[in-house]
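One-letter residues, chain by chain:
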Amino acid sequence: MALRAVVDRVIVIGLDGLEPKVAAPLLHAGELPNLARLASHGSGLARVATTSPAQTPVAWSTFATGLNPGGHGIFDFIRRDPLTYRPDLSLNRYEQAAAWLPPKAVNLRGGTPVWDLLAKAGIPSTILRCPCTYPPAIGRGRMLAGMGVPDLRGGLGTPTWMTSASDPVTEESEVVVPLIESGDGTYRGELLGPRGGKDQAPLRFELELRPAPDGQTAVVRSAGSPSENVLTLGEWSGWLKVHFKAGLLQTVRGMIRLYLAGTSPDVNLYASPINFDPDQPLFPIAAPASYARELAGVLGPYYTTGMVEDHSGLNNGRIDEYAFLDQCADAWDEREAMLLHELNRHEAGLLYCLFDTPDRVQHMFWRFREPDHPANKGRGYPAEFGRVVEDQYRRADRVVGHALESADDRTLVIALSDHGFTTFRRGFHINNWLRDNGLLAYRDDGGSFPDRVDWSKTRAYALGLGGLYLNLQGREGQGTVTPADAVRLKSEIVAGLSGLVDAETGTVAVREVKTREQLYRGPLAEGAPDLMVHLADRYRISWDSSLGGGGEATGLFEDNTRKWGGDHIIDPALVPGCLLMNRPFLSESARLLDLAPTILEALGQHPEPAMEGRSLLP
């Protein structure tokens, strides 16, 4: 029996990382009037339970499908090949059926997203930048893919540092190329693009830079568009469209933004990750494919990579906090313009738009809320940085206001975050704990993961932000643990890690450890880690351990001194997201699992039987 539609339209505003403990005081102080209006028409500001782990791609996949991660198969940003132990991106992959055929992008998220179920009923959707939608596909409506869209080099966001320094150091997740002086005050450098040609070497695009005598500006010339850019010290350029010759008749096109970081004593030029050109993307980033070009025609060029904000540049010290905030403001403006464009023509069905920037800003600026944060030691900072996080919430409120202005009495407006946020002060070297307990062994010859591990003497290893795997015979390439011993070994690890105390601080660092069977169910659960470590507030898996590292540090914990000083990948019970609607809803025990069934019921459709959530509408 068909359901009676409650509304004709559903507008979902995704606000990545909004933390209830930050939002609630601002609401009470009257600083978020649009969210307050939403709360007054609904059931107030509710907490919404997130996923394990509390990661953006995992959580928004659960939002979209109404399934736990065992149903949609996304458990982390990275996964491992069990035969080689090598880490790889978990959101999508490229397949090539034959050498003479071009590669094809494949989305690794399983399950049926809510927009596909609506399409079967003839109801359209417009989906703007939802994670795990690359390559994009939609049965009825429009979609612009979000997190998972790579840069032109194939990463999640790899910037380029161009410098005249004689011996530059390459920092994390970046490419460093020399700027060579020509003798006449001009510097030449090459932007490295995707691999191509017979030798599969990086394709190159040449830039020529000439600083002005006063050092405050520089002119960049290239074969791109525009062919000449005047850069001002400490300011971002507009978009520069670049191209890479991959063959006689093949050109790969992309876009970058430039930031003149210095002219003396060294000339330093920062180039953003190379974005796909929405007019001619290397792989489809929208569905239908023409939608990417349509948006560019209305709004101009825009960021297309899945990770828009240049946090790597800030973390590596290539750009400063002001430059990062300027770039984040541009990202906000761009996404807001997309939302307004679609609100103006949204007449029926689902409209979803994700604003990622609050998450990225909190990662980089949460440390300024805590004067004693380890990342602040020895560093002064302006008092205004301590208010930046709250400013993101005020901007989020303005975005929600656009949705409310567009809504009528037949519109359901939902504003939510996928998880909350907290501080990240201490890193946990989980592989060192495994080493110290005789479960993981390293070779003497060094190297990096997985080559430095002695797999013949290893029974368990950690990879990702909380996942732990047994070195299981018949599954891992060099497995040592028999299936008969697996249950006992898991129990021993759970008992040993749960309640683990950081000896330096005297506080519990690991709240609990859950097995795969306790957390996940569904057809893709076998791809999950064997165990998930849920850390206490203030802690996160260390930077080294996230990619399988360990052994470099002698202890189990270390202060997090990086500018990335806030995070959310702890015990998910500690970081619920925010949920508000303009209609009363069942706010107690709300979960991300419940949003897809809620949207379907609001539009008069039954949830798919596989969905685990329930509608929140009374």
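Residues numbered from 1 in each chain as written. Predicted model: local features only at pLDDT ≥ 70, side-chain atom pairs only at ≥ 80, totals over all residues. Heavy atoms only, no water.

**What about the nonpolar core?**
Right, on to step 1. Counting 93 residues, the largest nonpolar core has Ile13, Leu144 and Phe365 as its most contacted members.
Right, on to step 2. Counting residues per element, this core draws most heavily on helix 10 (residues 388-406), at 8 residues.
Right, on to step 3. Not counting chain neighbours up to four residues away, the residues in contact with Ile13 comprise Leu339, Cys353, Phe355, Val399, Val400, Ala403, Ile414, Ala415 and Leu416.
Right, on to step 4. Membership of the second largest hydrophobic core comes to 39 residues, among which are Ala46, Leu117, Ala590 and Leu616. (Core = buried A, V, L, I, M, F, W, Y, C linked by side-chain atoms within 4.5 Å. Buried < 20%, exposed > 50% of the residue type's maximum accessible area, 1.4 Å probe, protein only. Helix = DSSP H or I, 4+ residues; strand = E, 2+ residues; numbered from the N terminus. Contact = heavy atoms within 4.5 Å.)

**Looking at the side chain of His402**
Right, on to step 1. Within the secondary structure layout, His402 lies in helix 10.
Right, on to step 2. We classify His402 as buried; its relative accessible area is 16%.
Right, on to step 3. Filtering out sequence-adjacent residues up to four positions away, His402 remains in contact with Glu336, Leu340 and Leu343.

**Focus on the sheet that holds strand 15 (residues 228-232)**
Right, on to step 1. Judged by pairing direction, the sheet is antiparallel, and its 5 strands sit side by side in the order 11-12-13-14-15 without closing on themselves. If you trace the sheet from one side to the other, it starts and ends with strand 11 (180-181) and strand 15, each paired once.
Right, on to step 2. Sheet analysis places strand 13 (residues 201-211) next to strand 14 (residues 217-222), joined by 5 bridges and oriented antiparallel. From the neighbouring strand, Glu208 faces strand 14, where its bridge partner is Arg221. (Pairing = 2+ DSSP bridges.)

**A short note on the pattern of salt bridges**
Right, on to step 1. Scanning the entire structure with this criterion turns up 50 salt bridges.
Right, on to step 2. Between Asp277 and Lys241 there is a salt bridge whose closest N-O contact spans 3.3 Å. Within this pair, whereas Asp277 is found in the loop between strand 19 (275-276) and strand 20 (286-287), its partner Lys241 is found in strand 16 (residues 236-245), the two being separated by 36 residues in sequence.
Right, on to step 3. Residue Asp277 is classed as buried on the basis of its relative accessible area, which comes to 3%.
Right, on to step 4. The exposure class of Lys241 is partly exposed, given its relative accessible area of 23%.
Right, on to step 5. In this structure, the salt-bridge partner of Asp530 is Arg475, at a minimum N-O distance of 2.7 Å. Separated by 55 residues along the polypeptide, Asp530 in the loop between helix 13 (516-519) and strand 29 (531-535) and Arg475 in the loop between strand 25 (467-470) and helix 12 (483-497) bring together distant segments of the chain. (Salt bridge = Lys/Arg side-chain N within 4 Å of Asp/Glu carboxyl O.)

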